[in-house]
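Examining the three-dimensional arrangement
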Amino acid sequence: MAEQLVAILKNQGADFTFAITTATIPTIQPREILVCLEVTGFCGTDLSLARGHLGSCNTILGHEGIGRIVAVGAMCEAKAAVVGQRVGIGWIRDACGACPNCMSAGAGETRCTTQVFSGRDVAGTLARYAVVPERYLVPLPEEGPSELLAPIMCAGVTAYKALKVANVTPGSWIGVSGAAGGVGSLAVQYAKAMGYRTVAIDGGGPQRRAICLEAGADVYLDYEEAEPDLRTNLLRATGGDLCAAVLVCAGAAAAYEDALPCLAYFGVLVAVGIPPPTSKVSFHPLTLIDYGIRFVGSITGDRIDVLEAVQFVIRGLVKPRTVLIDLIDLNHYAGQVDQLDGKLVVRLGDVSQR
Ligand SMILES: [Zn+2]
Ligand SMILES: [Zn+2]
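Conventions we followed
Residues numbered from 1 in each chain as written. Chains lettered and ligands numbered in written order. Predicted model: local features only at pLDDT ≥ 70, side-chain atom pairs only at ≥ 80, totals over all residues. Heavy atoms only, no water. UniProt positions renumbered as here; feature names shortened; annotations may be inferred. Core = buried A, V, L, I, M, F, W, Y, C linked by side-chain atoms within 4.5 Å. Buried < 20%, exposed > 50% of the residue type's maximum accessible area, 1.4 Å probe, protein only. Helix = DSSP H or I, 4+ residues; strand = E, 2+ residues; numbered from the N terminus. Domains from an automatic or database assignment. Contact = heavy atoms within 4.5 Å. Donors = N, O, S within 2.8 Å, 3.2 Å for Na, K, Ca; no water. Tetrahedral: all angles 85-135°; square planar, octahedral: opposite > 155°, others 65-115°. Salt bridge = Lys/Arg side-chain N within 4 Å of Asp/Glu carboxyl O. Patch = residues over 30% accessible without salt bridge, like charges linked within 9 Å, V, L, I, M, F, W, Y side chains within 5 Å. Areas by Shrake-Rupley, 256 points an atom, 1.4 Å probe, with all protein chains shown as cover. Expected span 1.5 Å × (residues − 1). Arc of directions from axis to C-beta. Polar contact = N/O pair within 3.5 Å; in protein donor to acceptor, adjacent residues only side chain to side chain. Phe/Tyr/Trp six-rings, centres within 6.5 Å; stacked < 30°, edge-to-face > 60°.

Per an unreviewed UniProt entry, the recorded name for the protein is alcohol dehydrogenase, and the organism is Aspergillus indologenus CBS 114.80. Under the Cofactor (unreviewed entry) heading, UniProt states for the protein: "Zn(2+)". UniProt annotates the protein under Sequence similarities (unreviewed entry) with the comment "Belongs to the zinc-containing alcohol dehydrogenase family."

1. Topic: the nonpolar core
Ile174, Tyr190 and Leu247 are the most contacted members of the largest nonpolar core, which has 47 residues in total. Elements represented by at least two residues in this core include exactly α3 (146–149), α4 (155–166), β9 (173–177), α5 (182–193), α6 (206–214), β12 (243–248), β13 (263–271) and α10 (303–314). Top contributing element to this core by residue count: α4, with seven residues. Three or more residues apiece are contributed to this core by two domains, here domain 1 (3–153 + 319–353) and domain 2 (156–297). Once residues lying within four places of it in the same chain are set aside, the contact partners of Tyr190 are Ile152, Gly156, Ala159, Tyr160, Leu163, Ala309, Val310, Phe312, Val313 and Val318. Counting 45 residues, the second-largest nonpolar core is a separate cluster that includes Phe16, Cys112, Leu126 and Ala130.

2. Concerning the coordination of the zinc ion (ligand 2)
For the zinc ion (ligand 2), the protein coordination sphere consists of Cys43 (SG), His63 (NE2) and Cys154 (SG), at 2.0 to 2.1 Å. Sequence positions of the donors to the zinc ion (ligand 2) reduce to the motif C-x19-H-x90-C. Of this pair, His63 sits in the loop between α1 (44–51) and β4 (65–72) while Cys154 sits in the loop between α3 and α4; the two residues are 91 residues apart in sequence, bridging distant segments of the chain. A relative accessible area of 9% means that Cys154 is categorised as buried.

3. What to know about the coordination of the zinc ion (ligand 1)
The coordination sphere of the zinc ion (ligand 1), as far as protein atoms go, consists of Cys96 (SG), Cys99 (SG), Cys102 (SG) and Cys112 (SG), spread over 2.3 to 2.4 Å. For the zinc ion (ligand 1), the four donor atoms in the first shell make angles of 102 to 118° at the metal, so the coordination geometry reads as tetrahedral. Given a relative accessible area of 23%, Cys96 falls into the partly exposed group.

4. With respect to the pattern of salt bridges
By the definition in use, this model includes 13 salt bridges. With a shortest N-O distance of 2.9 Å, Asp94 and Arg135 are connected by a salt bridge. Of this pair, Asp94 sits in strand β6 (residues 92–94) while Arg135 sits in the loop between β8 (129–133) and α3, and the two are 41 residues apart along the sequence. Its salt-bridge partner being Arg321, residue Glu214 comes within 2.5 Å of it at the nearest N-O pair. Separated by 107 residues along the polypeptide, Glu214 in helix α6 and Arg321 in the loop between α10 and β15 (322–326) bring together distant segments of the chain. Residue Glu214 is classed as exposed on the basis of its relative accessible area, which comes to 55%.

5. Here we look at a nonpolar patch on the surface
Where nonpolar side chains cluster on the molecular surface, the patch consists of Val281, Phe283 and Phe295 and spans about 240 Å² of accessible area. Mapping Phe295 onto the fold places it in strand β14 (residues 294–297). Overall, the relative accessible area of 39% leaves Phe295 in the partly exposed class.

6. A few points about α5
Because the α-helix completes a turn every 3.6 residues, residues three or four places apart line up on one side. In this model α5 runs 17 Å from its N-terminal to its C-terminal C-alpha over 12 residues, within 8% of the 16 Å that 1.5 Å per residue would give. Buried within α5 we find Gly184, Ser185, Leu186, Ala187, Val188, Gln189, Tyr190 and Ala191. If you follow the buried residues of α5, they end up packed against α4, β9, β10 (197–202), α6, β12 and α10. Just downstream of α5 lies Gly195, where phi reads positive at about 95°.

7. Details of helix α7 (residues 230–238)
All buried positions along α7 are accounted for by Leu230, Asn233, Leu234 and Thr238. Buried residues of α7 fall within an arc of 120° about the axis and therefore sit on the same side. Summarising the contacts, the buried residues of α7 are in contact with β9, β10, β11 (219–222), β12 and α8 (253–259). At the N-terminal boundary of α7, the capping side chain belongs to Asp229, with an oxygen 3.1 Å from the backbone nitrogen of Arg231. Note on α7: the residue one or two positions beyond its end, Gly239, has a positive phi of about 75°.

8. Focus on the packing of aromatic side chains
Enumeration according to the criterion identifies eight aromatic pairs in this entry. Aromatic pair Trp91 and Phe117: ring centres 4.6 Å apart, planes at 10°, arrangement stacked. Of this pair, Trp91 sits in the loop between β5 (86–89) and β6 while Phe117 sits in strand β7 (residues 116–117); the two residues are 26 residues apart in sequence, bridging distant segments of the chain. Exposure class is identical for Trp91 and Phe117. Each is buried. Note on Phe283 and Phe295: the rings are 5.3 Å apart at their centroids and 45° apart in plane angle, and the pair reads as tilted. You can see Phe283 sitting in the loop between β13 and α9 (285–291) and its partner Phe295 sitting in strand β14, a full 12 residues away along the chain. Take Phe283: its relative accessible area is 36%, and that puts it in the partly exposed class. Taken together, the ring pairs connect Phe16, Phe18 and Phe42 into an aromatic cluster.

This is how it looks when you write it as structure tokens:
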């Protein structure tokens, strides 16, 4: 039986590890498609799953895969369901298309009531082969290096979608909290490409500042050195403006609390970063009432968002920083994805050699 190289999660929890081993190539049902993956990103969510912070998961993690179709189920009819078609695999692996959320306007499928997540509910992309349902195929254009498109399948589209959800006038100031992180640094790049002026908020030394400025931030604010306070420093740096929206990409309650006073009248706080389950964000509602502030949560994007986000990379407007490794070296890097100098991208093999 044909075999493939996979990374199997062992000892989910603080002492997790990956066994890089061979496994049988999965077979497909009549309405399924087999994809041979070239690369996959490994993101903070994968690390949280491996550590057991997000409950039980599949033994094959991964949700930022780029590859090509190698087999098509007998009953597939989609135009893109052809051998050789380039496809992407993100966090959402299936949505029903029929529940009220799926049928609602505006990215309803990201809240499908029976959605399936990659690496949690089904085998993820840390394998040479993956199976996708025909109804949730994400065909990609031929342009753009796979290494740069992989991070867009989760981190990139999450950043892009958060900016769409904020829905503020181009030219406005947008704050990105956690701006040096995987999602944050891409949010800074997308914000710049979409015509916003960007305030990057982060902390932890000059390297974080350098990442944000390289990503295109107009202003960098270090929350650890925010004397007298972040709002005053923001007003000083922008010549008197506050932010029309702040995307909180950092997974800390304090980041949410710090973001609120940075918002202008009618400002929007977009929640993206996930603090630990026991965390509570504290604020007085009067700020919301006085300023007309709105809170909105944003998750990953739907398939149209992915295709739009990918175009920014193809056009050279967004260029993710990546650290490219081979699957065999995953254990060395997996535990430190948040400290790397770019998004971790794992090479799964050359598709042309399949
Ligand atoms: Zn649905
Ligand atoms: Zn992710």
